[in-house]
Amino acid sequence: MSKGEWNNRSKNSVVPLQLPITYLKSVKRNTITHEFDSGSQAEILPTQESNDISEASKLLRQGIRQQQAGELIAALKSLQQSLGLFQSVGDLQKQAQALSFLGLVTYTAGDYKSAISYSEKCLSLVKNTSDFAMQMQALSNLGNAYRHLNDHNKAIEFLEKCLKITQQLQDKRSQIAALNNLGLVYKASGNFTQAIEYQQQSLKIVRELKDNWGEEQVLKNLGNAWYALDNYPKAIAYYEQCVVLAHSLKHVRSASQVLKNLGNACYALGDYAKAIKYYEERLQLAREIQDKRSEEQSLGNLGVTCEALGDYNRAIKYYEERLLLAKSIKDRRSEEEALERLKTACYALGDYTKAMQYQQGTSSNNS
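Parameters and conventions
- Residues numbered from 1 in each chain as written.
- Predicted model: local features only at pLDDT ≥ 70, side-chain atom pairs only at ≥ 80, totals over all residues.
- Heavy atoms only, no water.
- Axes fitted to C-alpha atoms, helices over the stretch in contact; angles between N-to-C directions.
- Helix = DSSP H or I, 4+ residues; strand = E, 2+ residues; numbered from the N terminus.
- Parallel < 35°, antiparallel > 145°, perpendicular 65-115°, else oblique.
- Left-handed = near helix turned anticlockwise from the far one by under 90°.
- Contact = heavy atoms within 4.5 Å.
- Nonpolar A, V, L, I, M, F, W, Y, C, P; charged D, E, K, R; others polar.
- Phe/Tyr/Trp six-rings, centres within 6.5 Å; stacked < 30°, edge-to-face > 60°.
- Buried < 20%, exposed > 50% of the residue type's maximum accessible area, 1.4 Å probe, protein only.
- Lys NZ or Arg CZ within 6 Å of the ring centre and 35° of its normal.
- Patch = residues over 30% accessible without salt bridge, like charges linked within 9 Å, V, L, I, M, F, W, Y side chains within 5 Å.
- Areas by Shrake-Rupley, 256 points an atom, 1.4 Å probe, with all protein chains shown as cover.
- Salt bridge = Lys/Arg side-chain N within 4 Å of Asp/Glu carboxyl O.
- Expected span 1.5 Å × (residues − 1).
- Lys, Arg positive; Asp, Glu negative; His and termini not counted.
- Core = buried A, V, L, I, M, F, W, Y, C linked by side-chain atoms within 4.5 Å.
- Polar contact = N/O pair within 3.5 Å; in protein donor to acceptor, adjacent residues only side chain to side chain.

**Q** With reference to specific residues and values, describe the packing of helix H6 (residues 152-169) against helix H7 (residues 172-188).
**A** Orientation of H6 relative to H7, taken along the N-to-C sense of each, is 160°, at an axis distance of 9 Å. By the angle class used here, H6 and H7 are roughly antiparallel. With respect to the hand of their crossing, H6 and H7 are arranged in left-handed fashion. Side by side, H6 and H7 meet where His-152, Ala-155, Ile-156, Leu-159, Glu-160, Cys-162, Leu-163, Thr-166 and Gln-167 of the first sit next to Ser-174, Gln-175, Ala-178, Leu-179, Asn-181, Leu-182, Val-185, Tyr-186 and Ala-188 of the second. Among the residues making up the contact of H6 with H7, the classes are represented as 11 nonpolar, 6 polar and 1 charged.

This is the structure in structure tokens:
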């Protein structure tokens, strides 16, 4: 398989899944993965082939399309059937291709043990070949999966091998993914300085390529790393750039998450006015997309920040909104937290009658 068959933008029997396939769903993460180039899918199907090969190739193309569309259960079935047919005719190259995508599908679903099994089988088929693109894919899947299993040493081992190949091939898009993902491993292991070094290298390349999607991911990861180091000014600087890109790309949920981080970082610095600005922006987004959980969190954050400013009347307004929302979504924990905060704010204002009413609400909830 030629290198051109792969889009590096950004996972001899069938390995059983750790999760029932009926429960497969995409798991969100900050990993940058490699994905197949939809423009080259025609290359999968040779011009002359047996019926078995023709059906296997058809299933492989179908599985790839389903994976790219996020239809993980359907993709898994198609790719497993394709793999079985390629095994029956002894086509090792196509087996590796099917295994590679099975690794990606199961990784996307959060089934990391199966992702490792598929990717190890793929790597065993291509490691002594010149198919470097497939090697990168397998190594990337392995490194990312081991990171989620908290085996940081193995994750680093596979991702560094992947990075070495990307550098040898001068494949900048794949370098971005490898550097970003290495940064995530080092952050997970507590080595934030090394994490930032890799993310900075990744940011430089992604900006050279004017890849806004990749830049948004890397900026978010850099912000997270500096936040973990309690360097809130630097975290804020990266988060603010990230939010601008997220808005331009219409990545509303990503913008919502980063706005929460921005508010938290500003709160940690004691810049309560700026924290309120970001929490309010997140609240507005949450209401636009009807994300009740983010709305509830934003109202709580706004109340706490207004309390920090001594603006108890405004805090009470946010807490009361949070209380109503918590009741509507039947979130008992948030309801109790809102009542407790309301009681405290009312005591601070000297409104003991109202404070007792909220106290009684808490008591009745606990009974």
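Having put the structure on the table, let's press on.
**Q** Pulling in residues and values, what's your account of the packing of aromatic side chains?
**A** Scanning the model with the defined rule gives 6 aromatic pairs in all. Where Tyr-107 meets Tyr-112, the ring centres are 5.7 Å apart and the plane angle is 55°; that geometry is what we call tilted. Each member of the pair Tyr-107 and Tyr-112 is classed as buried. Taking 5.2 Å as the distance between ring centres and 55° as the angle between the ring planes, the aromatic pair formed by Tyr-267 and Tyr-272 counts as tilted. For Lys-317, the ring lying beneath its charged end belongs to Tyr-318, and the centroid distance is 4.4 Å.

**Q** Describe in detail a nonpolar patch on the surface, supporting the description with residues and values.
**A** Judged by side-chain polarity, Tyr-347, Tyr-352 and Met-356 come together as a nonpolar surface patch covering roughly 310 Å² of accessible area. Structurally, the position occupied by Met-356 is in helix H16 (residues 352-366).

**Q** Please give an account of the environment of Leu-179 that cites residues and values.
**A** Here Leu-179 shows up in helix H7. Under the relative-accessibility criterion, Leu-179 is labelled buried at 2%. Excluding anything up to four places from it in sequence, Leu-179 contacts Leu-163, Tyr-198, Gln-201, Ser-202 and Ile-205.

**Q** Lay out helix H12 (residues 272-288) with the relevant residues and their values.
**A** Taking 1.5 Å of rise per residue, 17 residues should cover 24 Å, and H12 covers 24 Å from first to last C-alpha, within 8% of that figure. If you check which residues of H12 are buried, you get Ala-275, Ile-276, Tyr-278, Tyr-279, Arg-282, Leu-283, Leu-285 and Ala-286. Of the residues trailing H12, Gln-290 is marked for its positive phi of about 55°.

**Q** Describe the side chain of Arg-147, and please don't skip the residues or the numbers.
**A** By secondary structure assignment, the location of Arg-147 is in helix H5 (residues 132-148). Look at Arg-147: it is buried, it has no salt bridge, and the nearest opposite charge is Asp-151 at 12 Å. When residues no more than four places from it in sequence are discounted, the contact partners of Arg-147 are Thr-31, Tyr-107, His-152, Ala-155, Leu-184 and Val-185.

**Q** So what about the packing of H12 against helix H13 (residues 292-308)? Which residues, and what values?
**A** Running from N to C, H12 and H13 point in directions that differ by 160°, and their axes come no closer than 9 Å. Here H12 is positioned roughly antiparallel relative to H13, judged by the angle of their axes. H13 is crossed by H12, and the crossing has left-handed handedness. Of the residues in H13, those in contact with Tyr-272, Ala-275, Ile-276, Tyr-279, Glu-280, Arg-282, Leu-283, Ala-286 and Arg-287 of H12 are Ser-294, Glu-295, Gln-297, Ser-298, Leu-299, Asn-301, Leu-302, Thr-305, Cys-306 and Ala-308. Here the contact of H12 with H13 is built from residues that sort into 10 nonpolar, 5 polar and 4 charged.

**Q** Would you mind going over the nonpolar core in detail, with residue names and values included?
**A** Grouped together as the largest cluster of nonpolar side chains are 96 residues, with contacts concentrated most on Leu-182, Leu-203, Leu-222 and Leu-262. Counting residues per element, this core draws most heavily on helix H10 (residues 232-248), which supplies 9 residues.

**Q** Break down the pattern of salt bridges for me, citing the residues and quoting the values.
**A** Overall, the coordinates contain 19 salt bridges when judged by the stated rule. By sharing partners, the salt bridges in this structure join Arg-293, Glu-296, Arg-322, Asp-331, Arg-333 and Glu-337 into a single network.

**Q** Talk me through the side chain of Ser-334; I want residue IDs and the actual numbers.
**A** Checked against the element boundaries, Ser-334 lands in helix H15 (residues 332-349). Polar side-chain contacts of Ser-334 include one of 2.8 Å to the side chain of Asp-331.

**Q** Account for unusual backbone geometry, with residues named and values stated.
**A** Here Lys-210, not a glycine, exhibits a phi torsion of approximately 55°, which is positive. Structurally, the position occupied by Lys-210 is in the loop between helix H8 (192-208) and helix H9 (212-228). A positive phi angle is found at Lys-330, which is not glycine, with a value near 55°. Mapped onto the fold, Lys-330 is located in the loop between helix H14 (312-328) and H15.

**Q** Describe in detail the environment of Thr-166, supporting the description with residues and values.
**A** By the element assignment, Thr-166 lies in helix H6. With a relative accessible area of 0%, Thr-166 lands in the buried category.

**Q** So what's going on with H10? Which residues, and what values?
**A** Counted at 1.5 Å a residue, the expected span for H10 with its 17 residues is 24 Å, and the 24 Å between its end C-alpha atoms agrees. Of all the positions in H10, only Tyr-232, Ala-235, Ile-236, Tyr-238, Tyr-239, Cys-242, Val-243, Leu-245 and Ala-246 are classed as buried. Two or three places before Lys-234, at the start of H10, stands the capping residue Asn-231, its side-chain oxygen 3.3 Å from that residue's backbone nitrogen.

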